[in-house]
Amino acid sequence: MEASISYLNLRDFSKVLLALSKIDDAVHWQMKRNQITLAALNSSKSGFATACLRQGFFEKYVFRPDPLQLTGFANETIEIKTQLRPLLAIFKNKLFESSSHPANAVAASVDDDTAMKRNVTVEQASFKLVTGRHNCNLTVKLSCKHGIVKTFRISYEQIESPHAMFDKANCHNTWTINSKVLRDLIEHFGQRTEELYLEAANDRLLLTSFTEEVVHNNDVLKQPTQTSVSIDGKEFEHVALTQGVPIAMSLREFRAAVSLADALGVDINAYYSTPNNPALFEIVKGPQQDVVVQIIEATIAPPDVNSKATAAAGAPTGTGARWYRSARTDGVLQQAATSRLTSMLSVPSPARPELNAITAAAAEPLAAADTSITSADIDAMPVEPEASVSWRSQSDNAAEPLFQSILFTNSEQQGSNDENRGSQGGGSISYYVDEMPNEEELEAFADDIDQDEEFGPTQRQDLQIHGIFSQSTQR
Amino acid sequence: MSCAGFLQSLACFFSGPMRFKTRISNLPTLSRLAQSLDRIGKFCWIRLMPETVNFVVIPEFKTTQVWAVVEIETVFEDYIVQSNAENVINLEVPTANLYKALRSATNAAHATLRLTKQNNQAILSLSTTWSGRAFGSNIVTHNIAVKVLSHNYVSLVKEPTVPEPNCHIFLPPLNVMKAVVDRYRSMSDRIIFSANMAGELELAICTPAAKIKTRWSNLQNPELDPSQVQDVSQHPSQMREPHEFVEMRLDSREFSNILLVSNVSRKVIACLCEGHALVLYVYITDPEDEHTAVLTYYMSTFLD
């Protein structure tokens, strides 16, 4: 296998590697005829990231596999694993900062190409998998300015790549947002916090950073600040959420996903359903989807809220109100229903007809010792766009603007009321605020002690929130 | 905090409807104030009263304390405080969390601070509103765990009393002094701070390796207010020979930390009580402002 990346895409490549490094120290390479997929699975098997780089991403891509290296002959694939640290050291971010900024790359025309090249430190990076008898390594060559060529040889291990399977069809919570907006908002989270809760409430998405530290009474002040960010539904390009059931996940992987999306300059899509089912964050770049990064995280129910919420919720999809920000309804699901695999290891399964890209489907259960995290029995097609819900297919919504105004949404909701169960919560009370939210809205997020006579345990924060939900769903 | 203190603070939870809520009108000032408090110690006692707010930091094992009195109109508006104890609420707040929360709120459209409770834990909640791209509004809320202190507990803590100062002088701009003190800090643990009633100030270090002196002249000495002092002419500062210096030895690191308040300070008066303490009155408002806010730093001096 030989591949080379021109300076235009090197920055993106280094950012992808950086994001993968936050998941694990090692990266799996899966090389096929027209793409390379990088994958990383963390040690507790609670986070998994994959980056699929198609042929269009590379300046040159040649796949002439040595038959001894292939795994499976139906679809020729080479699967190896390398350490990430040497790669990160090679693709140091600062080499690419000024040179191949996405904005510059887009603006440059063919004539300006040479002009741009003058500013570039590294003109090209090439990869070659060397499989001699004596030395097997992945050779990386950076062709730099002034004719300097830096060559690095990284050892690899031939081992099967992990796969996670994710069923986008059964995710009734999805949203898409501009990554810069999201990144600016989660900068408010403190550095020490570890967990993230996602919750939908009143046409807003609430993200809360939380750390469950065992706090001794005397040291209650050492608890880190808990920060909540409430994002207005209008900020999203697309959002469809069920109120009432919050999910919790590790903040680290989420931050890595958002930073990567911001570095690539594209939107980030999220798919999740109920707690204990994994959540998917997807980042897509390029006109032919040349770069597709998916980060899957295990989720659990937040400890304070779980028993009451899930008991009250009843059906797994939650009985809270659903709310939308685009005209797309939930009916457009073309995902083929595939069986759920719960087996432990890399068992190659027969290739499904829709999947022409993936051979071995190894279900790695995202299980931990904690019984509240169940195994990841999820199906996925990490690469194929047509059958998934998230892609903005041009045919569906050609006339649909991305940003919705108040007028638009209210009429849409009235229209779609008939199809759905209708308990929107947005009908009578308008939560779309154009200026500073008023008193009532702020009250929704704080337990004003005015309401309890005694600072006693009767009025708890979580009960307050559910009280608001019952008002909105009971009409 | 001792165990007894904690129990007393718990007792305070059940004493009645306590309410604190305010909007922050001057976030930069409050944020820089929190930054300078963060440098002095880890926990701050905030005393919320109907007209003023006190910020007190008394770190353990340090020679410095700060007692700040801020009239609410300088940084807050729509300020409400209610409690059973004459509408005074005492909180113990971790300074680092407070500072980081305030700092993240810069450029927010609105910021509100309030006292709430979550899972039996008292929380100081800072809510800020940001206008988003698509005319939506995003709300960021920071919840800082705090302790509510009882009056029995805080009555044990008293502002230090110092004798009448031998000398008082208006300091030069603090950022200039800070640059000098930062250099000294890396060379010596002790700084010799001297001033006289003729408008001269000197900062010096004296180590086996080097002796360095920095002197400012033509500074002002404040006039004593006859309404505060019984007999001005008998005041120790007036009875001295004007050119005679009063010398004090201070810890250089702590002095450098104090000078970080330079980012909000307007006028600073230093009062030297020989052999005892240095008191700095740092005004963060101008004299012509309707409301005042002043931080008082007490630094014990060394005899060695």
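The shown structure was predicted, so the numbers you read here are calculated from the model rather than taken from an experiment.

All of the buried residues along helix H5 (residues 179-186) of chain A are A:Ser179, A:Val181, A:Leu182, A:Leu185 and A:Ile186. The arc enclosing the buried residues of H5(A), seen along the axis, measures out at 160°, which places them on a common side. Of the surrounding secondary structure, the elements contacted by the buried residues of H5(A) are strand S11 (173-178), strand S14 (226-232), helix H6 (251-264) and strand S17 (267-272) of chain A together with strand S9 (137-145) of chain B. Two or three places before A:Lys180, at the start of H5(A), stands the capping residue A:Asn178, its side-chain oxygen 2.8 Å from that residue's backbone nitrogen.

All names here are of chain B. Of note, the phi angle at Phe61 is positive, near 60°, even though the residue is not glycine. Summarising the element assignment, Phe61 is placed in the loop between strand S3 (52-57) and strand S4 (64-71). What makes Phe61 exposed here is its relative accessible area of 81%. Even without a glycine there, the phi angle at Glu86 is positive, about 55°. Take Glu86: it is sitting in the loop between strand S5 (76-82) and strand S6 (89-94). Classification of Glu86 as exposed rests on a relative accessible area of 71%.

Let's shift gears to the sheet that holds strand S7 (residues 122-131) of chain A. Residue and element names in this part refer to chain A. Read from one edge of the open sheet, 5 strands run S5-S1-S7-S8-S9, paired in antiparallel fashion. In this open sheet, the two strands that pair with only one neighbour each are strand S5 (60-62) and strand S9 (149-154). Sheet twist, expressed as the average angle between the axes of neighbouring strands with direction ignored, equals 15°. By the bridge criterion, 3 bridges tie strand S1 (residues 2-6) to S5 in an arrangement that is antiparallel. Note on S5: the bridge partner recorded for Ala3 is Tyr61. Packing of helix H1 (residues 7-21) onto the sheet brings it into contact with S1 and S7, and relative to S1 it is tilted by some 100°.

Here the focus is the domain arrangement of chain B. All names here are of chain B. With domains assigned, chain B is organised as domain 1 (3-154) and domain 2 (167-300). The C-alpha centroid of domain 2 is placed 30 Å from the C-alpha centroid of domain 1. With 20 residues of domain 1 in contact, the opposing surface of domain 2 contributes 20 residues. Between domain 1 and domain 2 lies a buried interface of about 1800 Å² when both sides are counted; carbon and sulfur atoms form 57% of it. Linking domain 1 to domain 2 there are 0 salt bridges. Our enumeration of links across domain 1 and domain 2 arrives at 9 residue pairs in polar contact (both at pLDDT 80 or more). A breakdown of the residues in the side of domain 1 that touches domain 2 according to their chemical character gives 8 nonpolar, 7 polar and 5 charged.

Here is what the cut-offs are and how they apply
Residues numbered from 1 in each chain as written. Chains lettered and ligands numbered in written order. Predicted model: local features only at pLDDT ≥ 70, side-chain atom pairs only at ≥ 80, totals over all residues. Heavy atoms only, no water. Buried < 20%, exposed > 50% of the residue type's maximum accessible area, 1.4 Å probe, protein only. Helix = DSSP H or I, 4+ residues; strand = E, 2+ residues; numbered from the N terminus. Arc of directions from axis to C-beta. Contact = heavy atoms within 4.5 Å. Polar contact = N/O pair within 3.5 Å; in protein donor to acceptor, adjacent residues only side chain to side chain. Pairing = 2+ DSSP bridges. Axes fitted to C-alpha atoms, helices over the stretch in contact; angles between N-to-C directions. Domains from an automatic or database assignment. Buried area = accessible area lost by both parts, 1.4 Å probe. Salt bridge = Lys/Arg side-chain N within 4 Å of Asp/Glu carboxyl O. Nonpolar A, V, L, I, M, F, W, Y, C, P; charged D, E, K, R; others polar.

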